[in-house]
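Examination of the molecular architecture
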Amino acid sequence: MRRAGNRQIALPLDWSAGGENDGPLIVGTSNADAVRYLRHVSTWPVRTAVLTGPRGSGRSLMGRLFARETGGRVIDGHDSVPEEEIFHAWNAAQVSGVPLLIVADAPPADWHMVLPDLASRLRAVPVLSIGDPDDCLARDLIEALFAQRGVALAPGVASYIVPRMERSYVMIHRIVAALDAASLEKGGGISIRLTRETLLSQGLIDPDLLERQEEQACR
């Protein structure tokens, strides 16, 4: 499926979902460069890359998709394994040609590494970054998360939320969880009225922006 204007796309070639419990990977300006690099392993200057991004940004999903499609190894959280294991994994990737992806909160330059040999090797590793969600990605991610939960969302709800929310992946997940709970309590779908009442009562949207109109056309 091709991009139409600023419309986000679900990644083709079997990258539209990572597994039974994964939702779709929505690709937009915030993560397109990282996705493009992960899809072209043959061009990597070394057989290792580091993927960074905010929590909730889909970086772990991207890692699972990468492992599934390339057969590569993923270390999800550089601080989740000993430095020695990362060092040996880096060496193994160069020898075997099987790519290694390390998912981390920050680039290697910000890690507190003890092993100088590991630090020197990771200086040569490309760092891929996922940025904060733009308007269109935030809207499409909200819609995708509700679809994954099987929750009926009235037309325009996601577009109503985006200009009024703090722009972060964490906030997107908080908003979806709050509205999901509200819809279960009320026993119906999610309307703009329910959205406004729920998010205002929980302080999840800025009351000063209630009259703001959607500024970016995504279709």
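1. Examining the confidence of the model for the protein
- The share of residues in the protein with pLDDT of 70 or more is 85%, and the mean pLDDT across the chain is 86.
- Across residues 1–20, where pLDDT falls below 50, the model places 59 contacts with residues more than four positions away in sequence or in other chains.

2. Details of the sheet that holds strand 6 (residues 127–129)
- In space, the four strands of this open sheet follow the order 4-5-3-6, with parallel pairing throughout. Sheet topology places strand 4 (73–76) and strand 6 at the edges, where each strand pairs with a single neighbour. If you compare each strand with its neighbour and ignore which way they point, the axes differ by 20 degrees on average.
- Pairing between strand 4 and strand 5 (residues 100–104): four bridges, direction parallel. Bridging from a neighbouring strand, Arg73 pairs with Leu100 of strand 5.
- Its contacts with the sheet place helix 2 (residues 59–70) against strand 3 (48–52), strand 4 and strand 5, and it is angled at close to 165 degrees to strand 4.

3. Quick word on helix 5 (residues 135–149)
- Relative to the 21 Å expected for 15 residues at 1.5 Å per residue, helix 5 spans 22 Å between its end C-alpha atoms, a close match to the ideal helical length.
- Buried within helix 5 we find Cys136, Leu137, Ala138, Arg139, Asp140, Leu141, Ile142, Ala144, Leu145 and Phe146.
- Contacts from the buried residues of helix 5 go to strand 2 (26–27), helix 6 (157–161) and helix 7 (169–186).
- At the N-terminal end of helix 5, a side-chain oxygen is found 3.2 Å from the backbone nitrogen of Cys136, two or three residues along, and the residue is Asp134.
- Backbone geometry just after helix 5 places Gly150 at a positive phi near 70 degrees.

4. Observations concerning the side chain of Glu83
- Summarising the element assignment, Glu83 is placed in helix 3 (residues 83–96).
- Summary of buried charges: Glu83 has no salt-bridge partner, and the nearest side chain of opposite charge, Arg121, is 11 Å away.
- From its side chain, Glu83 meets the backbone nitrogen of Val114 in a polar contact 2.9 Å long.
- In this view, Glu83 contacts His112, Met113, Val114, Leu115 and Leu118; residues no more than four positions away in its chain are not counted.

5. Notes on the packing of aromatic side chains
- If you walk through the whole model with that rule in mind, you get two aromatic pairs.
- Ring plane angle 20 degrees and centroid distance 5.3 Å describe the contact between Tyr37 and Trp44, whose orientation is recorded as stacked.
- Look at Trp44 and you get buried, because its relative accessible area is 6%.
- Between Trp44 and Phe66 the ring centres are 5.6 Å apart and the planes differ by 0 degrees, which places this aromatic pair in the stacked class. Taken as a pair, Trp44 in the loop between helix 1 (32–38) and strand 3 and Phe66 in helix 2 lie far apart in primary sequence, 22 residues in all.
- On the basis of relative accessible area, Phe66 is assigned to the buried category, the value being 0%.

6. With respect to the packing of helix 7 against helix 8 (residues 192–201)
- At a minimum axis distance of 10 Å, the contact between helix 7 and helix 8 shows a crossing angle of 115 degrees. Relative to helix 8, helix 7 is oriented so that their crossing is right-handed. Across the interface between the two elements, Ile175, Ala178, Leu179, Ala182, Ser183 and Lys186 of helix 7 pack against Leu194, Thr195, Thr198 and Leu199 of helix 8.
- Tallied by class, residues from the contact of helix 7 with helix 8 come to six nonpolar, three polar and one charged.

The rules behind the values
Residues numbered from 1 in each chain as written. Predicted model: local features only at pLDDT ≥ 70, side-chain atom pairs only at ≥ 80, totals over all residues. Heavy atoms only, no water. pLDDT = per-residue confidence, 0-100. Contact = heavy atoms within 4.5 Å. Pairing = 2+ DSSP bridges. Helix = DSSP H or I, 4+ residues; strand = E, 2+ residues; numbered from the N terminus. Axes fitted to C-alpha atoms, helices over the stretch in contact; angles between N-to-C directions. Expected span 1.5 Å × (residues − 1). Buried < 20%, exposed > 50% of the residue type's maximum accessible area, 1.4 Å probe, protein only. Polar contact = N/O pair within 3.5 Å; in protein donor to acceptor, adjacent residues only side chain to side chain. Lys, Arg positive; Asp, Glu negative; His and termini not counted. Salt bridge = Lys/Arg side-chain N within 4 Å of Asp/Glu carboxyl O. Phe/Tyr/Trp six-rings, centres within 6.5 Å; stacked < 30°, edge-to-face > 60°. Left-handed = near helix turned anticlockwise from the far one by under 90°. Nonpolar A, V, L, I, M, F, W, Y, C, P; charged D, E, K, R; others polar.

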